[in-house]
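# An overview of the molecular structure
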Amino acid sequence: MCIDFHTHAFPDHLAATAIPYLEKEGNIQARLDGTTTDLLRSMDRAGIDKSVLCSIATRPEQFDAILAWSGAIRSERLVPLPSVHPESETLTEQIRKVADAGFVGIKLHPYYQQFTMDEERIFPLYEALIRHNLLLVIHTGYDIAFPRTPLCTPSRILAVSERFPDLLLITTHLGGWDDWDEVERLLIGKPIHMEISFALDFLEPEQARRMLSAHPSDYLLFGSDSPWADQGESLGMLRALNLPDGLIRKITRHNAETLLTRVGR
Ligand SMILES: [Zn+2]
């Protein structure tokens, strides 16, 4: 059994427009049609039991619709993370609603939501997440669809994790997309959760192996970023690194199970 900690899907009526739009923005080809039905088919093919499904509120007023949809698709196999927008005037109230509805956490994306990870404006949000024992999965590193503004760099991740040691922070893309030398310099070896999507296909296998071997083994999680990558191929890239079996089992399953049972109430 495997758990994929980073996937996306959209409500059926939006998928057909969202996918081509995002393909164009990111200059990237989706591997699925963007529906949960297609994601579940992909999970069956790849031998993935559970997927954490990340939504991103690009405007404050999307909160309620995303929360409702997340509730509608939640199942044994799909673990939705709703999203709040940092500009919302009722952020802490919204975090309480997320917790009351029994979700395990939220997803944020500094580029789509126009904030810097360690700016003070966001701190009440981090404090609310800690109060409710919720996970924060946050896009980290640069983004394929945006100019290289340093919104969520390894040094900002370090600042946030030091200021909020109780925040259940999950960085994506092995600590920061396309900034891996800096991840190695500042974050590898520290107790910071890293999901590994969109990293193994960009890194030299030697650097990937070195980073995954040097990081605390309880803090690594498998993720694919499906539909922007294929879940089966992503698992294949991880397995091709020939890491010890015990470490692979932690990355693909045990660490995610532990985190998912630790959160919420
Ligand atoms: Zn993603």
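Residues numbered from 1 in each chain as written. Predicted model: local features only at pLDDT ≥ 70, side-chain atom pairs only at ≥ 80, totals over all residues.

The next subject is the overall build of the protein chain. Per the secondary structure count, the protein chain includes eleven helices and eight strands. Against the 2.2 N^0.38 benchmark of 18 Å for 265 residues, the protein chain shows a C-alpha radius of gyration of 17 Å, consistent with a compact globule. In terms of overall dimensions, the protein chain has C-alpha extents of about 45 × 40 × 40 Å along its principal axes. Scored against the burial criterion, the 265 residues of the protein chain give a buried share of 45%. (Helix = DSSP H or I, 4+ residues; strand = E, 2+ residues; numbered from the N terminus. Rg over C-alpha atoms; globule rule 2.2 N^0.38 Å. Buried ≥ 20, exposed ≤ 12 C-beta atoms within 10 Å, placed from the backbone.)

The strand order across the open sheet formed by three strands is β1-β2-β3, and the pairing between neighbours is parallel. The sheet terminates laterally at β1 (2-7) and β3 (78-81), the two strands that pair on one side only. Taken over all neighbouring pairs, the strand axes of this sheet differ in orientation by 15 degrees on average, direction set aside. In this structure, β1 lies alongside strand β2 (residues 48-54), joined through four bridges in parallel fashion. (Pairing = 2+ DSSP bridges. Axes fitted to C-alpha atoms, helices over the stretch in contact; angles between N-to-C directions.)

Moving on: helix α9 (residues 205-214). Along α9, the positions that sit buried rather than exposed are Ala208, Met211 and Leu212. Down the axis of α9, the sector holding all buried residues measures 95 degrees, keeping them to one side. For α9, the exposed residues set more than 90 degrees away from the buried face come down to Glu206 and Ala214. Elements in contact with the buried residues of α9: α8 (180-186) and β8 (220-221). (Arc of directions from axis to C-beta. Contact = placed C-beta atoms within 7 Å.)

One can describe the packing of helix α2 (residues 36-46) onto helix α10 (residues 231-239) by two numbers: an axis separation of 8 Å at closest approach and a directional angle of 35 degrees. Here Ser42, Met43, Arg45 and Ala46 of α2 come into contact with α10, specifically with Gln231, Gly232 and Leu235. The residue makeup of the contact of α2 with α10, split by class, is three nonpolar, three polar and one charged. (Nonpolar A, V, L, I, M, F, W, Y, C, P; charged D, E, K, R; others polar.)

So, about α2. Those residues of α2 that fall on the buried side of the exposure criterion are Thr36, Leu39, Ser42 and Met43. The arc enclosing the buried residues of α2, seen along the axis, measures out at 115 degrees, which places them on a common side. In α2, the exposed positions that point more than 90 degrees away from the buried face belong to Asp44 and Arg45. Tucked into the core, α2 has its buried residues touching β1, β2, α3 (63-73), β3 and α10.

Turning our attention to the environment of Thr17. Secondary-structure assignment places Thr17 in helix α1 (residues 12-26). The spatial distance from the C-alpha of Thr17 to the C-alpha of Gly34 is 9.6 Å, given a sequence separation of 17 residues.

Here Arg156 is to be found in helix α7 (residues 154-163). Put simply, Arg156 and Asp179 are 23 residues apart on the chain and 12 Å apart in space, counted from C-alpha to C-alpha. The contacts of Arg156, once residues within four sequence positions are left out, are Thr116, Met117 and Asp118.

So, about the sheet that holds strand β4 (residues 105-108). Here we have five strands laid out as an open sheet, ordered β4-β5-β6-β7-β8, and parallel in their pairing. In this open sheet, the two edge strands, each paired with only one partner strand, are β4 and β8. As paired elements, strand β7 (residues 193-195) and β8 share two bridges and run parallel to each other. Bridge pairing in β8 places Met194 opposite Leu220.

Our focus in this paragraph is the nonpolar core. Ile95, Leu134, Leu136, Ile196, Leu221 and Phe222 are the most contacted members of the largest nonpolar core, which totals 69 residues. The contact partners of Leu134, leaving out residues within four places of it in the chain, are Ile95, Val98, Ala99, Val104, Gly105, Ile106, Leu129, Leu168, Val263 and Gly264. (Core = buried A, V, L, I, M, F, W, Y, C linked by C-beta atoms within 7 Å.)

Here we come to the pairing of strand β5 (residues 135-138). Residues Leu135 and Val137 line one face of β5 and the alternating positions Leu136 and Ile138 line the opposite face, and both faces are buried. As defined by bridge partners, β4 adjoins β5 across four bridges and the pair is classed as parallel. Counted as the bridge partner of Ile106 is Leu136 from β5. Following the chain from β5 across α7 to the adjacent parallel strand β6 (residues 168-171), one finds a crossover that is right-handed. (Right-handed = clockwise from strand over helix to strand, strands pointing away.)

Our focus in this paragraph is the packing of helix α4 (residues 91-100) against helix α6 (residues 123-131). Relative to each other, α4 and α6 sit at 25 degrees, their axes nearing to 9 Å. Here α4 lies roughly parallel to α6, going by the angle between them. As α4 packs across α6, the resulting crossing turns out to be right-handed. Judged by residue contacts, Leu91, Thr92 and Ile95 of α4 engage Pro124, Leu125, Ala128 and Leu129 from α6. (Parallel < 35°, antiparallel > 145°, perpendicular 65-115°, else oblique. Left-handed = near helix turned anticlockwise from the far one by under 90°.)

Read these as spatial facts, not as claims about activity.
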